[in-house]
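Examination of the molecular architecture
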Amino acid sequence: NAGVTQTPKFQVLKTGQSMTLQCAQDMNHNSMYWYRQDPGMGLRLIYYSASEGTTDKGEVPNGYNVSRLNKREFSLRLESAAPSQTSVYFCASSRRTVNEKLFFGSGTQLSVL
Amino acid sequence: GNSVTQMEGPVTLSEEAFLTINCTYTATGYPSLFWYVQYPGEGLQLLLKATKADDKGSNKGFEATYRKETTSFHLEKGSVQVSDSAVYFCALSSGTASKLTFGTGTRLQVTL
């Protein structure tokens, strides 16, 4: 089973460029999440989607947008990248929303110059 | 708001040594508590969890007990192996959504 698949694995952007991080899960999970991981700060939630058709802000949503395209796919868009968005991004999914195990993708390492 | 505090690393141990990684939390209500592990170049994986006070989560020789009186969920293993080298994250979940609040992570390095 593929689980949670993220693309791309690595990306370098210039300040002001835009890009979309793709995420897909094949476990029929209802909930999906985007986190960023920064040294010394653990993982912080950017946006999440409790179910198909809904999205909500997490702890650090500024500068990002998301789309829950269907039950399988949840994308994260940077409209105008900034150096502060240099980070490792993780997509995750869970069967439902309460106290469920999260399954993580392998991450996207993004550098904004 | 919710928060998780973990001991700073890195923690360096010899193989077969005893491991403790401290984790304390602040949360409203009755959170569920988790330990996730991240091996180099990979995403996080659930290691163990506990959903109510005095529960003990265990997996792969690791254990953690939900202590409500001390708001703690310390991770322990009796005899670590080189393959346990990874970053360990304590996390909590409360409320109506599986929004996890993570600690900053503790890097464990096990040497021969």
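Cut-offs and rules
- Per-chain numbering applies: the sequence of each chain, read as written, is numbered from 1 onward.
- Chain A is the first chain written and ligand 1 is the first ligand written, with later ones labelled in order.
- This being a predicted model, a pLDDT of at least 70 is required before a residue's local features are given, and a value of 80 or more before pairs of side-chain atoms are given or counted; all residues contribute to the totals for chains, interfaces and linings.
- To obtain the side-chain values, all non-hydrogen atoms of the structure were used and water was disregarded.
- What counts as a helix is a DSSP run of H or I of at least four residues, what counts as a strand is a run of E of at least two, and both are numbered from the N terminus.
- The size measure is the radius of gyration over C-alpha atoms, and the globule rule it meets is 2.2 Å times the number of residues to the 0.38 power.
- Here the term buried applies to any residue with accessible area under 20% of the maximum for its type, exposed to any over 50%, and partly exposed to those in between, with areas from a 1.4 Å probe on protein chains only.
- Residues are treated as being in contact if the distance between any of their heavy atoms lies within 4.5 Å.
- Disulfides are defined as cysteine sulfur pairs within 2.5 Å.
- Pairing between strands requires that DSSP locate at least two bridges from one strand to the other.
- Fitted lines through C-alpha atoms give the axes, limited to the stretch in contact for helices. The angle between two N-to-C directions lies from 0 to 180 degrees.

**Points about the overall build of chain A**
Secondary structure assignment for chain A yields zero helices and 11 strands. Mapped from its N terminus to its C terminus, chain A presents α and β elements in the order β-β-β-β-β-β-β-β-β-β-β. Taking 13 Å as the expected radius of gyration for a compact globule of 113 residues, we find that chain A reaches 13 Å, a close match to that expectation. Evaluated residue by residue, chain A yields a buried proportion of 46% over its 113 residues. A sequence separation of at least 24 residues applies to 55% of the contacts in chain A between residues at least 6 apart.

**A few points about the state of the cysteines**
All names here are of chain B. For the coordinates displayed, the defined rule picks out two disulfides over all chains. Put simply, Cys23 and Cys90 are joined by a disulfide, and their sulfur atoms are 1.9 Å apart. Looking along the S-S bond of the Cys23-Cys90 disulfide, the torsion reads about -70°, which is the left-handed sense. Here Cys23, found in strand β4 (residues 23–26), pairs with Cys90, found in strand β10 (residues 86–93); they are 67 residues apart in sequence, far enough to count as distant.

**Description of the sheet that holds strand β8 (residues 74–78) of chain A**
Residue and element names in this part refer to chain A. Across the sheet, four strands lie side by side as β1-β3-β8-β7; this open sheet has antiparallel pairing. Bordering the open sheet on either side are β1 (4–7) and β7 (64–68), each of which pairs with just one other strand. Mean inter-strand twist for the sheet, computed between neighbouring axes without regard to direction, equals 15°. Inspection of the sheet shows β7 paired to β8 by five bridges, in the antiparallel sense. Residue pairing in the sheet places Ser67 in a bridge with Ser75 of β8.

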